[in-house]
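A structural walkthrough
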Amino acid sequence: MMFEYAPAPESRDVVDIKPSYGLFIGGEFTDGTGTSFKTVNPASEEVLSEVASASAGDVDRAVRAAREAFGTWSAMPGSERAKYLFRIARIIQERSRELAVLESLDNGKPIRESRDVDLPLVAAHFFYYAGWADKLPYAGYGPSPRPLGVAGQVIPWNFPLLMLAWKIAPALACGNTVVLKPAETTPLTALLFAEICRQADLPPGVVNIVTGAGETGAALVDHPDVDKVAFTGSTEVGRLIARSVAGTRKKVTLELGGKAANIVFDDAALDQAVEGIVNGIFFNQGHVCCAGSRLLVQESIAEELLEALKRRLSTLRLGDPLDKNTDIGAINSAAQLAKIRELSDHGELEGAERWSPACELPERGFWFPPTIFTGVAQSHRIAREEVFGPVLSVLTFRTPAEAVEKANNTPYGLSAGVWTEKGSRILWMADRLRAGVVWANTFNRFDPTSPFGGYKESGYGREGGRHGLEAYLDV
């Protein structure tokens, strides 16, 4: 018997959303000289706030503020910089409930994920890199590594606060100053982070936040006084950035799209594998660059595994992101929903069989049910293109060699998962899979001490761990 869940909504009262927001430049909130845009709750289409769209002139002011602060910040002993990072980490922990609610309101992800995954990892990244700030000579990049200068950072909408932490924490630990542009659809937690910087007494200009759309990001990337560009987002935009910085002195890291294979062998623990598949593709509505969007299952257990997977999907709860029982939240935007629908419709047109559990979608907001496609060929668009939604393509294989060949048959190379009880097979597979991260009998497991990044069209450079320092040092 299935028990009904009573609604358990988190209160919105812990968050004070202002009617409008300016830019954060030189330690102060300031009006932009450009236009403004509205940020909405994707679960209800309610307008949350009006946010300034930074013009090229505003970006220039922010870069100048960062350059002015760089001299003092970079000259500060690492142990002193560490104190600020530790302070920011503790304030994030103290305000984690407020941040989690705001993230779910602005992004659409379930509060359980914001609260239990995103926020602990955000604080952990600041704690981790605070520990490195006075140990840079021992990081393996020379006895006296120097910071680069001003870092221009552009982050996506799928993990707004976590991607901010991935970018800002190592940059500050190494002695750089930052101008960060959050995604247009999810600017609110970055603006609250600006308040946290003030609360931590971070020197003015060390962190600057400029909001806006693609034009703002382009102005930041193209600015001649930016020394380092860090970008997480689509491969298409990544290509534009790579062209823009080519021939300049700018250092660049790109973390782009993915089409990860989640590979299940016939000796895998089936129930554990099913949980890993669900976490791999339906976590954060599939808005994950390293999502396990291609399930490669050994032919002999394909039927049994699919039955178990469908049973599990029938228990997932889709709905209000602020309800603590919700498993599947809202799609982040109308534009992303349209893309998911288009690729899913194309999957059916190309002959794949579509299945979703019985699922009542709310009338307002942007919603898409968890979806499985079987009978998928490697030539199908849903098997080749990044859907970036809760859509799983299922393919089969017979031998480990065939699994490797199919897994690597993609222009991307960000992540992969292997499910088997044989340690030797895990190592054999990991050695042959062209992916930056290979998870064994788990998926979407992150840790600030471990590097993350891709190959091929998934970008270059690493974030996290000791490796994540290199991108912010003059080595």
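Okay, so let's go over this structure. (Residues numbered from 1 in each chain as written. Predicted model: local features only at pLDDT ≥ 70, side-chain atom pairs only at ≥ 80, totals over all residues. Heavy atoms only, no water.)

1. A closer look at the overall build of the protein
The line we're drawing: Where helices and strands are cited, they refer to DSSP runs of H or I of at least four residues and of E of at least two residues respectively, numbered from the N terminus. With C-alpha atoms as the basis for the radius of gyration, the globule rule is written as 2.2 Å multiplied by the number of residues raised to the power 0.38. Only protein chains enter the calculation, and the probe is 1.4 Å; a residue is then buried if its accessible area is under 20% of its type maximum, exposed if over 50%, and partly exposed in between. In this description, contact between two residues means that some pair of their heavy atoms is separated by no more than 4.5 Å. The Shrake-Rupley method, run with a 1.4 Å probe sphere, supplies the accessible areas, and residue values consider only the shown protein chains as cover.
From N to C terminus, the protein includes 15 helices and 18 strands. A compact globule built from 475 residues should have a C-alpha radius of gyration of about 23 Å, and the protein, at 22 Å, falls within 12% of that. Counting all 475 residues of the protein, 60% fall into the buried class. In the protein, once contacts between residues fewer than 6 apart in sequence are set aside, the share between residues at least 24 apart is 76%. On the protein, roughly 18,500 Å² of surface is accessible, and the fraction owed to carbon and sulfur atoms is 51%.

2. Some words on the nonpolar core
Heads up, the condition is: As used here, the term nonpolar core means buried Ala, Val, Leu, Ile, Met, Phe, Trp, Tyr and Cys residues forming a set that is joined through side-chain atoms within 4.5 Å.
Counting 113 residues, the largest nonpolar core has Ile 92, Phe 126 and Val 264 as its most contacted members. By residue number, the principal contributor to this core is helix α5 (residues 160-173), which donates 11 residues. For Phe 126, the contacting residues outside a window of four places in its chain are Leu 85, Ile 88, Ala 89, Ile 92, Leu 164, Ala 165, Ile 168, Ala 169 and Phe 193. Membership of the second largest hydrophobic core comes to 28 residues, among which are Leu 296, Phe 366, Val 387 and Val 418.

3. Some remarks on the pairing of strand β4 (residues 36-41)
The following threshold applies: Paired strands, as defined in this entry, are two strands with at least two bridges between them according to DSSP.
Covered by surrounding structure in β4 are Phe 37, Thr 39 and Asn 41 only, the residues Ser 36, Lys 38 and Val 40 on the alternate face being uncovered. Here 6 bridges tie β4 to strand β5 (residues 46-52), and the two strands are oriented antiparallel to one another. Pairing of Phe 37 across the sheet is with Val 51, part of β5. In this structure, the hairpin formed by β4 and β5 is closed by a connection of 4 residues, where Glu 45 is found at a positive phi of approximately 65°.

4. Regarding the environment of Val 59
Mapped onto the secondary structure, Val 59 falls in helix α1 (residues 56-75). On the basis of relative accessibility, which here comes to 0%, the residue Val 59 falls in the buried class. Counting along the chain gives 180 residues from Val 59 to Arg 239, while the straight-line C-alpha distance between them is 22 Å. Ignoring sequence-local partners within four residues, the contact set of Val 59 consists of Ala 54, Thr 216, Ala 219 and Leu 220.

5. Quick look at the packing of aromatic side chains
The cut-off we apply is this: Pairing of aromatic rings covers Phe, Tyr and Trp, the last through its six-membered ring, and needs centres within 6.5 Å; plane angles under 30 degrees mean stacked, over 60 mean edge-to-face, and all others mean tilted. Remark: a charge is flagged as sitting over a ring if the NZ atom of Lys or the CZ atom of Arg is within 6 Å of the ring centre and within 35 degrees of the ring normal.
Using the criterion set out here, one finds 13 aromatic pairs in the structure. Through pairs of rings, three or more aromatic residues link up here, namely Trp 166, Trp 439, Phe 443, Phe 446 and Phe 452. The aromatic ring of Phe 265 is capped on one face by Arg 425, whose charged end is 4.4 Å from the ring centroid. Between the NZ or CZ atom of Arg 462 and the centre of the ring of Tyr 455, over which it lies, the distance is 5.3 Å.

6. Brief notes about the sheet that holds strand β13 (residues 353-355)
Short version of the rule: Every angle, taken between N-to-C directions, lies between 0 and 180 degrees, and every axis is a line fitted to C-alpha atoms, over only the stretch in contact when it is a helix.
Here we have 7 strands laid out as an open sheet, ordered β13-β14-β15-β12-β11-β16-β17, and mixed in their pairing. Each of the sheet's edge strands pairs with one partner strand only, and the pair in question is β13 and β17 (437-440). In this sheet, adjacent strand axes meet at a mean angle of 20° when their direction is disregarded. With 4 bridges connecting them, strand β16 (residues 415-419) and β17 associate as parallel partners. Following the sheet pairing, Ser 415 is matched in β17 by Val 437.

7. A few points about α1
Which entries qualify depends on this criterion: What a helix should span is 1.5 Å times the count of its residues minus one. What the bend at a residue measures is the angle between two axes, fitted to the seven residues ending there and to the seven starting there.
Between its first and last C-alpha, α1 extends 29 Å over 20 residues, near the 28 Å set by a 1.5 Å rise per residue. Residue Ala 69 marks the point of greatest curvature in α1, where the axis turns by about 40°.

8. Observations concerning unusual backbone geometry
Non-glycine residue Asn 444 carries a positive phi angle of around 55°. Relative to the elements of secondary structure, Asn 444 occurs in the loop between β17 and β18 (459-460).

9. With respect to the pattern of salt bridges
Stated precisely, the cut-off is as follows: Only one rule defines a salt bridge in this text: a Lys or Arg side-chain nitrogen within 4 Å of an Asp or Glu carboxyl oxygen.
Inspection of every chain in the model, using the stated rule, returns 31 salt bridges. Glu 80 is the salt-bridge partner of Lys 83, the closest N and O atoms lying 2.9 Å from each other. Note that Lys 83 and Glu 80 are positioned in helix α2 (residues 78-94) at a spacing of 3 residues, about one turn of the helix. Residue class for Lys 83 comes out partly exposed when judged on its relative accessible area of 45%. Close ionic contact of Glu 457 with Arg 239 constitutes a salt bridge, the shortest N to O distance being 2.9 Å. Taken together, the positions of Glu 457 in the loop between β17 and β18 and Arg 239 in helix α8 (residues 235-245) put the pair 218 residues apart, joining distant regions of the chain. When its relative accessible area of 36% is taken as the criterion, Arg 239 is described as partly exposed.

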